[in-house]
Amino acid sequence: MQTTWKGTISFGLVSIPVHLYSATQEHDVPLHQVHAKDGGRVRMKRYCEREEKEVPYAEIAKGYESPDGRTVTLSDEDLADLPLPSKKIIDVLAFVDAAEIDPLMFSKAYYVGVADKAAAKPYALLRDALVESGRIAVTKIALRTRESPAVLRVHDGVLVLQTCIWPDEVRPAAGIAPEEDVTVRPQELRMARSLMDTLSEDFDLSQLHDDYQQALQQVITARLEGVELPHEEEADAAPDNVIDLMEALRSSLKQAKGGRAPAAGAPAAEDGEPAPRKRAATKKAPAATKKAPAATKKAPAAAAGKAAPAKKTSTRKSTAPRKAS
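Residues numbered from 1 in each chain as written. Predicted model: local features only at pLDDT ≥ 70, side-chain atom pairs only at ≥ 80, totals over all residues. Heavy atoms only, no water.

**Student:** I'd like a rundown of helix α4 (residues 211-225), residues and numbers included.
**Tutor:** Helix length check: α4 (15 residues) gives 21 Å between terminal C-alpha atoms against 21 Å at 1.5 Å per residue, within 8%. Here α4 starts with a cap whose side-chain oxygen sits 3.1 Å from the backbone nitrogen of Tyr212, and that cap is Asp210. Once α4 ends, the next one or two residues include Gly226, with phi positive near 70°. (Helix = DSSP H or I, 4+ residues; strand = E, 2+ residues; numbered from the N terminus. Expected span 1.5 Å × (residues − 1). Polar contact = N/O pair within 3.5 Å; in protein donor to acceptor, adjacent residues only side chain to side chain.)

**Student:** Help me get a handle on the sheet that holds strand β12 (residues 158-164), residues and values and all.
**Tutor:** Spatially, eight strands are ordered β7-β1-β2-β9-β12-β11-β10-β8 in an open sheet, and the strand pairing comes out mixed. Unpaired on one side and paired on the other, β7 (89-91) and β8 (94-97) mark the two borders of the sheet. Put simply, the sheet's adjacent strands are angled 40° from each other on average, direction ignored. Judged from the six bridges that link them, strand β11 (residues 146-155) and β12 form a sheet pairing that is antiparallel. Its bridge partner being in β12, Arg153 is matched across the sheet by Val160. Each of β1 (3-11), β2 (14-22), β8, β9 (106-114), β10 (135-143), β11 and β12 is contacted by helix α2 (residues 120-133), which is oriented at about 75° to β11, the strand it contacts most. (Pairing = 2+ DSSP bridges. Axes fitted to C-alpha atoms, helices over the stretch in contact; angles between N-to-C directions. Contact = heavy atoms within 4.5 Å.)

**Student:** Provide a residue-level description of the nonpolar core, including the pertinent values.
**Tutor:** Nonpolar side chains tend to gather and get buried jointly when the protein is soluble and globular. The biggest cluster of nonpolar side chains holds 20 residues, and the ones touching the most others in it are Ile9, Leu20, Val112, Ile141, Leu152 and Leu161. Among the elements of the structure, β1, β2, β9, α2, β10, β11 and β12 are those that each provide at least two residues to this core. In contact with Leu20, not counting residues within four places along its chain, are Gln2, Thr3, Thr4, Trp5, Tyr110, Tyr111, Val112, Ile141, Leu143 and Leu161. Core analysis: the second largest hydrophobic core is formed by six residues, Val96, Met105, Val151 and Cys164 among them. (Core = buried A, V, L, I, M, F, W, Y, C linked by side-chain atoms within 4.5 Å. Buried < 20%, exposed > 50% of the residue type's maximum accessible area, 1.4 Å probe, protein only.)

**Student:** I'd like a description of the pattern of salt bridges, backed by residues and values.
**Tutor:** Pairing between side chains of opposite charge can happen when the charged atoms of each approach one another. Within the structure shown, the criterion is met by eight salt bridges. The partner of Arg70 in a salt bridge is Asp68, with the nearest N and O atoms 3.0 Å apart. A residue is classified by how much of its surface remains accessible, and Asp68, at 52% relative accessible area, is exposed. One salt bridge in this structure joins Arg250 and Glu247, with 3.2 Å as the shortest N-O distance. Separated by three residues within a single helix, Arg250 and Glu247 lie in helix α5 (residues 245-256), roughly one turn from each other. Glu247 shares its class with Arg250; the two are buried. (Salt bridge = Lys/Arg side-chain N within 4 Å of Asp/Glu carboxyl O.)

Structural data, given as structure tokens:
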């Protein structure tokens, strides 16, 4: 695994030389730009507006334009020599509960590995202390051209550094939630919780897969082979206006359990708790099922005089025919 960053974790007076490795990888189907008319590859050229000519990548630097129009050129050396302590040190600032960090702030994850054998013991000390305390470490780190807050946590026995965005980079959510004064009834909340529990049964996150990439690969394969492109069947449009929330929740719950949704206009339970009624109906059903075979056994007895096989059966199981004769 390729090393992304080399430096040291500073944990009080304890120093842990570490390497960072990218913990995630994307699996997008590689696409590039082409001319739609003839399929020719379209490439981006680095063009200097002042000299009106293409320039090689080696002659390109970063620049900043000030509000008064002046441009400052910054070379890679300028950026590498920034007076920034977090360039090579991950300084642990505090230990907090994971709930104190809003998930909106999380960005890219990196595995943290030891740089040498001497770092193994302090590495294990920090890892085990995080596990025992149930906390995460708040740090700062400079990666490439950006300094970011970050957290250190434990995943599968390995330290993970998760970069974050700065708190003031999280946009406020004001004005997005419904402004109306909405009241949720207790039975609606109970039904929603029941639906949540049903949908969560036997859920395995590792079984999720990228349907978009699979569909895209099917289209590419069809193009290469010159066959008809695959088409997905049109799905039913989702209702745009839920009139009866309890009925929608009840139907969703039945669908999640694999049952048949109730017919339109079916009476809804007043208390929003259909589960007890379902159980009562389920208990009665076996009783009705047991009676059915009894009726089936009596039928041959009634026809005893008409069929020989029926007489033999009734003789073994009952003496009623003998009394009748």
